[in-house]
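Structural overview for review
Here is what each chain is made of, one letter per residue.
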Amino acid sequence: MATVQMIAPPTLRRTPATAAPGRRRRLGLGRPIPYGRVLGPVVLLAAWSAASAAGLLDPRVLPAPWTVVGTVRRLIEAGTLQDSLLVSLRRAALGFAIGAVVGVALALVAGLSRLGEAVVDGWMQVQRAVPTLGLIPLMILWLGIGEAFKVVIIALVVAITLYIQTHAGLTSIDNRYVELAETIGLNRLRFIRAVVLPGALPGLFIGLRLAVTSSWISLVVLEQINATSGIGYLMFQAQNYAQTDVIVVGLIIYGLFGFLSDAALRLAERRVLSWRRTLSG
Amino acid sequence: MATDTERLTEAAVRVSGLVRRFGERPGRTVLDHLDLSIAPGEFVALLGRSGSGKSTLLRALAGLDYDVAGSGSIEVPGRVSVVFQDSRLLPWRRVLDNVLLGLDGREVVAGGRAALAEVGLAGRERAWPVELSGGEQQRAALARSLVREPELLLADEPFGALDALTRIRMHGLLRELCRRHGPAVLLVTHDVDEAIVLADRVLVLDAGRIAVDQPIHLPQPRSHRDPRFLEYRFQLLTALGVEEETAA
């Protein structure tokens, strides 16, 4: 139409961005440094090495990194490291597995029915208020100081953490989806399968990640107070003989446990919740 | 206000003496002995100021108003489908799985694909809802309704959250889909133009009753520039209490 040309927009004068004195300062953080996260540990390692090499660090306080590497080799050759590692892993895995099954099962019972909620949720909230590690003396009296009590404590910690997060996920389903399911005429079973459970998965994963961390924390405590095997026991022994290098090895292994299990869970989360990935790009 | 539909013996929707109250006793009466009937295949738009009870009526027809005090009788067909203002696609199901939510069998998959094609989303079956634009999400929600072959389609401001251009396109699509599938439609909207463009009959809800029942005798497609369109618009806006300044 002819009218198009009559409504030409008023000409805008552009200020060149570079020359402008009042150019805005960027307040955001800008682009992340590539491999930035590795930088901190690398700097720390370098400082540690330098201090050890310069003789500034008393080896009784903190042995040199190469001493630690040598200790790892020595422990592997003696078979101590592998054995302790396996014992510790077995405790954590068993406790985690049992705790996960129990925690999720209880969350389902409490989250999917009012009766279940009435029966389960109350005492789970009480249980949550009691620090599980505080139960250690009682559990030792009940179960002795064998493997059973360690596994039970880890399972309890995991179950409670998972219960809380999964239950929250199950009960916070968006009411709009409930209405949709009603208008579509889903039956209860289908509603649970198609709406409630997938909707609770993000909560479950938060729970898993928290639970895996707390299971390592419990493991450390359990292995250092009452154990005759495991990484914690190795460290406890080392303390008696003032073997700082062995203690450092134990700390590194605990750190690796925590880091690797969290990374594995994050990977699984990305796979399972792939519908969310598009949100964060 | 006589309408041609009142004489029809078979109605898709028949509401009589519907009362809905909210809040503690005595409460606020939102619907006050409301009567309404909609013929099979008839497209009815429901206008009203905010708080006039449009959504309450729609939710009553959809059977979504448990725990609400009231009385009256409602007859609706067996297959009722609701389109909400937001698409309510489950974010963890792909588009086709959302369309087929709650349906079984292999033949429904073909139906779901056909419905998606009808709303212009062929090829997006495997997309996640977050990957669709607002208009596309709402079209997927329409497909989810269509595939159930509803005898009554209830739409609660389905285009309210869309931008103006998308909304115009959606009007054409909805009109076409309704022509092809022939459900009775109750469209709740606050947009007078939308009501006139789409509906066979426009109702205005006021003080809990239907205050205006206005059949729209205009051929499709309807133009905003048609003087009769403007006449309807003026009438309805007046009924809604909007005093328009007389435009030159």
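These figures come from a predicted structure and were not determined experimentally.

Another point: the packing of aromatic side chains. The full count for this structure, using the stated rule, is three aromatic pairs over all chains. By way of ring pairs, the aromatic residues Tyr177(A), Trp275(A) and Trp92(B) are connected into one cluster. Across the ring face of Tyr177(A), the terminal group of Arg176(A) is positioned such that the distance to the ring centre comes to 5.2 Å.

This part takes up the packing of helix 9 (residues 188-225) of chain A against helix 11 (residues 244-272) of chain A. Residue and element names in this part refer to chain A. Contact geometry for helix 9 and helix 11: axes closest at 10 Å, N-to-C directions at 170 degrees. As summarised for this structure, helix 9 and helix 11 are arranged roughly antiparallel, according to the angle between their axes. Where helix 9 crosses over helix 11, the two elements pack in a sense that is right-handed. Taken together, the residues of helix 11 that come into contact with helix 9 (itself represented by Leu201, Phe205, Leu208, Arg209, Val212, Trp216, Leu219, Val220 and Glu223) are Tyr254, Phe257, Gly258, Ser261, Asp262, Leu265, Arg266, Ala268, Glu269 and Val272. Residue composition of the contact of helix 9 with helix 11, grouped by class: twelve nonpolar, two polar and five charged.

All right, on to the packing of helix 4 (residues 80-112) of chain A against helix 9 of chain A then. Residues and elements named next belong to chain A. At a minimum axis distance of 9 Å, the contact between helix 4 and helix 9 shows a crossing angle of 145 degrees. For the pair helix 4 and helix 9, the sense of crossing is right-handed. Together, Ser88, Leu89, Arg91, Ala92, Phe96, Val104, Leu108 and Leu112 of helix 4 and Arg188, Ile192, Val196, Leu197, Leu204, Leu208, Ala211, Val212, Ser215, Trp216, Leu219 and Glu223 of helix 9 make up the contact between the two elements. Grouping the constituent residues of the contact of helix 4 with helix 9 by class yields 15 nonpolar, two polar and three charged.

Okay, the confidence of the model for chain B next. On average, residues of chain B score 86 in pLDDT, and 94% of them reach the 70 mark or higher. Long-range and interchain partners of residues 1-8 of chain B, a stretch whose pLDDT sits below 50, account for 13 contacts in this model, where long-range means more than four residues apart.

Interface size is commonly expressed as the accessible surface area that is lost when the partners come together. On the chain B side, the residues contacting the 17 residues of chain A number 22 residues. Between chain A and chain B, a total of about 1,900 Å² is buried, with carbon and sulfur atoms accounting for 64% of that surface. Taking the shortest distance from any N to any O, the salt bridge between Arg59(B) and Glu179(A) comes out at 2.6 Å. At the boundary of chain A with chain B, the tally comes to seven residue pairs in polar contact (both at pLDDT 80 or more). Put simply, the parts of the chain that give the side of chain A that touches chain B at least two residues each are helix 8 (175-184), helix 9 and helix 12 (274-280) of chain A. Broken down by element, the side of chain A that touches chain B gets its largest block of residues, seven residues, from helix 8 of chain A. Class assignment for the residues of the side of chain A that touches chain B results in nine nonpolar, four polar and four charged.

With that out of the way, let us pick up the pattern of salt bridges. Within the structure shown, the criterion is met by 26 salt bridges over all chains. Here Glu223(A) makes a salt bridge to Arg91(A), at a shortest N to O gap of 2.7 Å. Taken as a pair, Glu223(A) in helix 9 and Arg91(A) in helix 4 lie far apart in primary sequence, 132 residues in all. For Glu223(A), a relative accessible area of 1% corresponds to the buried category. One network of salt bridges, with partners in common, ties together Asp174(A), Arg176(A), Glu179(A), Arg59(B), Asp86(B) and Arg88(B).

Before going further, it helps to spend a moment on the sheet that holds strand 4 (residues 69-75) of chain B. All names here are of chain B. Taken in spatial order, the three strands line up as 2-1-4 in an open sheet, and their pairing is antiparallel. Two strands bound the open sheet, and with one partner strand each, they are strand 2 (28-38) and strand 4. Strand-to-strand, the axes of this sheet are offset by a mean angle of 10 degrees, without reference to chain direction. Lying on the sheet, helix 1 (residues 54-62) is in contact with strand 1 (13-22), strand 2 and strand 4; it crosses strand 1 at an angle near 120 degrees.

Thresholds applied
Residues numbered from 1 in each chain as written. Chains lettered and ligands numbered in written order. Predicted model: local features only at pLDDT ≥ 70, side-chain atom pairs only at ≥ 80, totals over all residues. Heavy atoms only, no water. Phe/Tyr/Trp six-rings, centres within 6.5 Å; stacked < 30°, edge-to-face > 60°. Lys NZ or Arg CZ within 6 Å of the ring centre and 35° of its normal. Axes fitted to C-alpha atoms, helices over the stretch in contact; angles between N-to-C directions. Helix = DSSP H or I, 4+ residues; strand = E, 2+ residues; numbered from the N terminus. Parallel < 35°, antiparallel > 145°, perpendicular 65-115°, else oblique. Left-handed = near helix turned anticlockwise from the far one by under 90°. Contact = heavy atoms within 4.5 Å. Nonpolar A, V, L, I, M, F, W, Y, C, P; charged D, E, K, R; others polar. pLDDT = per-residue confidence, 0-100. Buried area = accessible area lost by both parts, 1.4 Å probe. Salt bridge = Lys/Arg side-chain N within 4 Å of Asp/Glu carboxyl O. Polar contact = N/O pair within 3.5 Å; in protein donor to acceptor, adjacent residues only side chain to side chain. Buried < 20%, exposed > 50% of the residue type's maximum accessible area, 1.4 Å probe, protein only. Pairing = 2+ DSSP bridges.

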